[in-house]
Amino acid sequence: MANTELLARLDAAIAEKNLLKHPFYQDWQSGKLSRESLQLYAAQYYRHVEAFPKHLRVLAARTEGPLRDTVVENLAEEENPEAPHPKLWRDFAAAVGVHVDDISCCPALPGTQAVVSTFREICGDRPVAEAVATLYAYEAQVPEIAATKIHGLKKFYGVDKPEALAYFAVHEEADKHHRAAWRAWLEEHAEGSEDEIVATAQEALDALWGALDAVHGRKIMAAVN
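In this text, all values refer to a predicted model and were calculated from it rather than measured experimentally. (Residues numbered from 1 in each chain as written. Predicted model: local features only at pLDDT ≥ 70, side-chain atom pairs only at ≥ 80, totals over all residues. Heavy atoms only, no water.)

**Q** Would you mind going over the overall build of the chain with me for this structure?
**A** Broken down by element type, the chain carries 12 helices and zero strands. In the chain, the order of α-helices and β-strands from amino to carboxyl end is α-α-α-α-α-α-α-α-α-α-α-α. Expected size for 225 residues packed as a compact globule is a radius of gyration near 17 Å; at 17 Å, the chain falls within 12% of this value. Dimensions along the principal axes, computed over C-alpha positions, put the chain at roughly 50 × 35 × 30 Å. A burial count over the chain gives 49% of its 225 residues as buried. Sequence-distant contacts, at least 24 apart, represent 84% of the contacts inside the chain between residues at least 6 apart. If you sum the accessible surface of the chain, you get close to 10100 Å²; carbon and sulfur atoms cover 52% of it. Distance between charge centroids for the chain: 7 Å, based on 23 positive and 35 negative side chains. (Helix = DSSP H or I, 4+ residues; strand = E, 2+ residues; numbered from the N terminus. Rg over C-alpha atoms; globule rule 2.2 N^0.38 Å. Buried < 20%, exposed > 50% of the residue type's maximum accessible area, 1.4 Å probe, protein only. Contact = heavy atoms within 4.5 Å. Areas by Shrake-Rupley, 256 points an atom, 1.4 Å probe, with all protein chains shown as cover. Lys, Arg positive; Asp, Glu negative; His and termini not counted. Charge placed at Lys NZ, Arg CZ, Asp CG, Glu CD.)

**Q** Any chance you could explain the packing of helix α3 (residues 35-62) against helix α4 (residues 65-78) here in plain terms?
**A** Two quantities define a packed helix pair, namely the angle between the axes and the distance from one axis to the other. Running from amino to carboxyl end, α3 crosses α4 at an angle of 155°, the nearest separation of the two axes being 9 Å. The pairing of α3 with α4 is recorded here as roughly antiparallel in orientation. Our pair here, α3 against α4, has a crossing hand that is left-handed. Along its contact with α3, which presents F52, P53, L56, R57, L59 and A60, the element α4 presents R68, V71, V72, N74, L75 and E78. Looking at the contact of α3 with α4 residue by residue, the class counts come to eight nonpolar, one polar and three charged. (Axes fitted to C-alpha atoms, helices over the stretch in contact; angles between N-to-C directions. Parallel < 35°, antiparallel > 145°, perpendicular 65-115°, else oblique. Left-handed = near helix turned anticlockwise from the far one by under 90°. Nonpolar A, V, L, I, M, F, W, Y, C, P; charged D, E, K, R; others polar.)

Have a look at this one:
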């Protein structure tokens, strides 16, 4: 039996905490972010980008069959030797004035640490259905977020070179497939407590929101000193 009620509840949770509603992305869309804010974001959010393939690798080791194939396919895209996604993010960071050394020397803010540890714990230790719901809750939003970021970077922030926008361009398309794959699995195969699955997805959504809270309205030097 299809888990239609579960998907409806997950979609409602995603809509409630959609990252495009966050003040940071609202400012991004209206051209109100300072250069320093973009730089801090680029340095901090890299930790989530860098950790995401590791979360997928952990989940792949816990799954089998078609679901494992889906996770491994996602992981292969993240680690594409020709354009690994952390490298694409560093190209974006460089375009807004953040060198790779700036990323390594900028301490992770608590909100940044929280999103990495939350995804790590969910993908490694929670029931598989909760991990898949978490990945769905995240990647369901990414295509629209990526498109919005590209538009804003071009219109307001002078970032228009293809290599600087590649991370977002890739995710604008790839995550349409990913969210469909996670959704299809949840619809047909998710087992366990519906309440727990939704609660875990909400925990991940809160962590993602908190990662933006950590950088909104702050300057890059505030995180270094």
